[in-house]
Amino acid sequence: MKPIEAAQEILDTMLGYLGFVVRVEIDEQSGLEGLQVLTEEPKPLIGHRGERLDDLQYLLNRIVQARLPEAPRIRVDVDHYRSAAEHRFLEEADQVAAAVITSGQSQTLAPMNSYQRRTVHNHFANHPKILTWSPPDSARVKCITLMLRKPGGEAGGA
Amino acid sequence: MEAPLAIQEFLEYVVAQLIQHPENAGVLHRFEGDRHEFRIRLHPEDIGRVIGKNGSTISAIRSLVTAAAMKNHLRVDVEIEDRGDRR
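What you see is a predicted model, and the numbers here were worked out from it, not measured in a lab.

1. So, the overall build of chain A
- Secondary structure assignment for chain A yields 5 helices and 6 strands.
- Along its sequence from the N terminus, chain A presents helices and strands in the succession α-β-β-α-α-β-α-β-α-β-β.
- Relative to its 158 residues, chain A shows a buried fraction of 39%.
- Within chain A, contacts between residues at least 6 apart in sequence are counted, and of these 52% link residues at least 24 apart.
- Surface accessibility of chain A: about 8900 Å² in total, with carbon and sulfur atoms responsible for 50%.

2. Regarding the side chain of His21 of chain B
- With respect to the helices and strands, the residue His21 of chain B is situated in the loop between α1 (3–18) and β1 (26–32).
- Setting aside residues up to four positions removed in sequence, His21 of chain B forms contacts with His43, Glu45 and Asp46 of chain B.

3. Structural notes on the pattern of salt bridges
All names here are of chain B.
- Summed over all chains, the structure comprises 12 salt bridges over all chains.
- For Arg30, the salt bridge goes to Glu32, with nearest N and O atoms at 3.7 Å.
- Assessed through its relative accessible area of 38%, Arg30 is described here as partly exposed.
- Where Asp77 meets Arg35, a salt bridge forms, and the shortest distance between an N and an O atom there is 2.9 Å.

4. Topic: the packing of aromatic side chains
- Under the defined criterion, the tally for this structure stands at 1 aromatic pair over all chains.
- Ring centres of Tyr17 of chain A and Tyr13 of chain B lie 5.8 Å apart, and the angle between their planes is 50°; on these two criteria the pair is classed as tilted. Residue Tyr17 of chain A is found in helix α1 (residues 3–17), and its partner Tyr13 of chain B is found in helix α1; the two belong to separate chains.
- Given a relative accessible area of 14%, Tyr13 of chain B falls into the buried group.
- Across from the ring centre of Phe20 of chain A, 5.2 Å away, lies the NZ or CZ of Lys71 of chain B, which sits over that ring.

5. Let's talk about the interface of chain A and chain B
- Taken residue by residue, the interface counts 18 residues in chain A and 21 residues in chain B.
- Overall, the association of chain A and chain B removes approximately 1900 Å² of surface from exposure, summing both partners, and the carbon and sulfur fraction of that is 67%.
- Measuring nitrogen to oxygen at the nearest pair gives 2.9 Å for the salt bridge that ties Glu41 of chain A to Lys71 of chain B.
- Linking chain A with chain B are 9 residue pairs in polar contact (both at pLDDT 80 or more), by the criterion used here.
- Secondary-structure elements contributing two or more residues to the side of chain A that touches chain B are α1 and α3 (51–67) of chain A.

6. Some remarks on the layout of surface pockets
All names here are of chain A.
- In this model, the largest pocket occupies a volume close to 1300 Å³.
- Together, 36 residues line the largest pocket, and Asp54, Asn113, Ser114, Tyr115 and Gln116 are the ones closest to its centre.
- In terms of residue count, the dominant contributor to the lining of the largest pocket is helix α4 (residues 81–103) (9 residues).
- For the lining of the largest pocket, the per-class residue count stands at 13 nonpolar, 10 polar and 13 charged.

7. Some details on the sheet that holds strand β5 (residues 130–133) of chain A
Residues and elements named next belong to chain A.
- The strand order β4-β6-β5 describes an open sheet built from 3 strands, whose pairing is antiparallel. A strand with exactly one partner marks an edge of an open sheet, and here the two such strands are β4 (107–108) and β5.
- Looking at chain direction, β4 and strand β6 (residues 145–148) are connected through 2 bridges and run antiparallel. Bridge assignment links Thr108 to a residue of β6, and that residue is Thr145.

What counts, and at which threshold
- Residues numbered from 1 in each chain as written.
- Chains lettered and ligands numbered in written order.
- Predicted model: local features only at pLDDT ≥ 70, side-chain atom pairs only at ≥ 80, totals over all residues.
- Heavy atoms only, no water.
- Helix = DSSP H or I, 4+ residues; strand = E, 2+ residues; numbered from the N terminus.
- Buried < 20%, exposed > 50% of the residue type's maximum accessible area, 1.4 Å probe, protein only.
- Contact = heavy atoms within 4.5 Å.
- Areas by Shrake-Rupley, 256 points an atom, 1.4 Å probe, with all protein chains shown as cover.
- Salt bridge = Lys/Arg side-chain N within 4 Å of Asp/Glu carboxyl O.
- Phe/Tyr/Trp six-rings, centres within 6.5 Å; stacked < 30°, edge-to-face > 60°.
- Lys NZ or Arg CZ within 6 Å of the ring centre and 35° of its normal.
- Buried area = accessible area lost by both parts, 1.4 Å probe.
- Polar contact = N/O pair within 3.5 Å; in protein donor to acceptor, adjacent residues only side chain to side chain.
- 1 Å grid on protein atoms, 1.4 Å probe; cavity = no way out; pocket = protein on both sides within 12 Å on 5 of 7 lines; lining within 4 Å.
- Points joined across faces, edges and corners; volume = space filled by probe spheres on them.
- Nonpolar A, V, L, I, M, F, W, Y, C, P; charged D, E, K, R; others polar.
- Pairing = 2+ DSSP bridges.

Printed below as a string of structure tokens:
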């Protein structure tokens, strides 16, 4: 059995015990090893700002790794919450980037989790005018700053 | 299936996936007042596996149990028991 199939079975079993009627599908659209949970009652599984969904994904990965140490990290989504949220925060980041380009002044985005920060960095990686910057891992609050890219790739602006 | 029993089975299932001494593990359920208490008994070597780094694994377990409890209008506690000590 492939790790993603084992994860699908484990997730279905866990949610069944918790009393949720779900259909767990292998999500092939994201390009990652992912599972999509389809349910009539997504809110309790997503939680406030996706925190419970993060817990679900974390616990599933702990179990899969305990069984199959070589398994890749598996992304879990509930009713396409993550993809919709990703679309929303990239739209917001694009609006901030447009303001940075207009004003020339750097701006800091709202705090994000590590997955979101990575997504934003990747989103702007090849942008001709915008450079992204994050504080070191040890920083307590990790926000991304958008700044103007000078010719040659160096940071500019304030 | 009755919700508290289902939560107990969820805990038994999840814990069994994480530990290496299942013969020394169990989940006890007690209903007191208006709260359902689930106490996870583990071999000492398995306690860290269930608590996880910075408590992240037990925190995720509690979060999911809370989702089931809220759905069924239950009040629940999940504790790890270690030779009479509770965590």
